[in-house]
Amino acid sequence: MVVAVFDTNLIIALINPHEKLHSTARELADKEDVFLLSNVEMEARNTFLRKFNSAMLEIYKILNRARKAEDELQFQGIVVEGFQELIERRPEYKSFYEYIYDEIKNIGVTMESVTIIPKILDEKAIELVSNILSPKKISNISQNSELHKRIAKEIKGVNFRGFMDFEIFCEACSLNIEEEIVIFTADSEFYKKAKKTLKILNCLPDFKDKKIKVEKVE
């Protein structure tokens, strides 16, 4: 048996169907036995809400501009053109603009309902990230806290991009299971650091029985 753990980028891809890796992440989640790390769950919630809120700041401006339309046809035109302009200007948020636009279409935004749309969208986003369950197919896996401490001590010289990447890696490697663990990530930097770090850990006596590898998803 192989236990898969997803890095944050793949959890975000599962949440947002407009993410480039959504289909790939979905296929992996359907195929593998996946455990959701607590640090990944926390970071996924924070990252999704941060990007969602950043996107919504611009969308508020579009909706406020659309409220001044003379009729429903002009209103819908302003909304559509506004989203197209945002995607061209901030392509890094393209998947979130498309996600929010789909939600707006599903709600059925009109000149009459436009004032309540931001509140509805905010509530939907909070509900979504508060219930990140998929792909948590495996539960009741504990973490070996002593092993976590030893791993953290041994790899403290490896410069992960941030503290959360460091913690995600340590948590994945200290899961209290005998099965092989595969860390899936779409982050090239995290992949390189994890590969480098596993070479260090594989030389340690405490780590010799652990079967862990990292795979890059593209």
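The structure under discussion appears in the preceding block.
Residues numbered from 1 in each chain as written. Predicted model: local features only at pLDDT ≥ 70, side-chain atom pairs only at ≥ 80, totals over all residues. Heavy atoms only, no water.

(A) Layout of the nonpolar core. Grouped together as the largest cluster of nonpolar side chains are 75 residues, with contacts concentrated most on F6, I100 and F169. Looking at this core element by element, the count peaks at 10 residues for helix α3 (residues 38–66). Not counting residues up to four positions away in its chain, the partners in contact with I100 are F52, A55, M56, I59, F83 and L121. (Core = buried A, V, L, I, M, F, W, Y, C linked by side-chain atoms within 4.5 Å. Buried < 20%, exposed > 50% of the residue type's maximum accessible area, 1.4 Å probe, protein only. Helix = DSSP H or I, 4+ residues; strand = E, 2+ residues; numbered from the N terminus. Contact = heavy atoms within 4.5 Å.)

(B) Here's a closer look at the packing of aromatic side chains. Summed over all chains, the structure comprises 10 aromatic pairs. Residues F163 and F166 carry aromatic rings whose centres are separated by 6.5 Å and whose planes lie at 25 degrees to one another, so their mutual orientation is stacked. Of this pair, F163 and F166 both sit in helix α8 (residues 163–173), separated by 3 residues, roughly a single helical turn. Among the residues examined, F166 registers a relative accessible area of 12% and is labelled buried. (Phe/Tyr/Trp six-rings, centres within 6.5 Å; stacked < 30°, edge-to-face > 60°.)

(C) Examining the pattern of salt bridges more closely. As enumerated under the stated definition, the model contains 13 salt bridges in all. For D30, the salt bridge identified is with R26, shortest N-O distance 3.6 Å. Of this pair, D30 and R26 both sit in helix α2 (residues 22–31), separated by 4 residues, roughly a single helical turn. Accessibility expressed as a relative area gives 53% for D30, which makes it exposed. A salt bridge links R89 to E58; the shortest N-O distance between them is 3.1 Å. With R89 in helix α4 (residues 72–89) and E58 in helix α3, this residue pair connects regions lying 31 residues apart in the sequence. A network of salt bridges, in which partner residues are shared, links E58, K61, E85 and R89. (Salt bridge = Lys/Arg side-chain N within 4 Å of Asp/Glu carboxyl O.)

(D) Seen up close, the pairing of strand β1 (residues 2–6). For β1, the buried fraction is high: 4 of the 5 residues fall into the buried class. As paired elements, β1 and strand β3 (residues 180–185) share 5 bridges and run parallel to each other. Among the inter-strand pairings, V5 is bridged to a residue of β3, identified as I183. Two elements, β1 and strand β2 (residues 33–35), share 3 bridges in a ladder whose sense is parallel. Considered in β2, the bridge of A4 is made with V34. (Pairing = 2+ DSSP bridges.)

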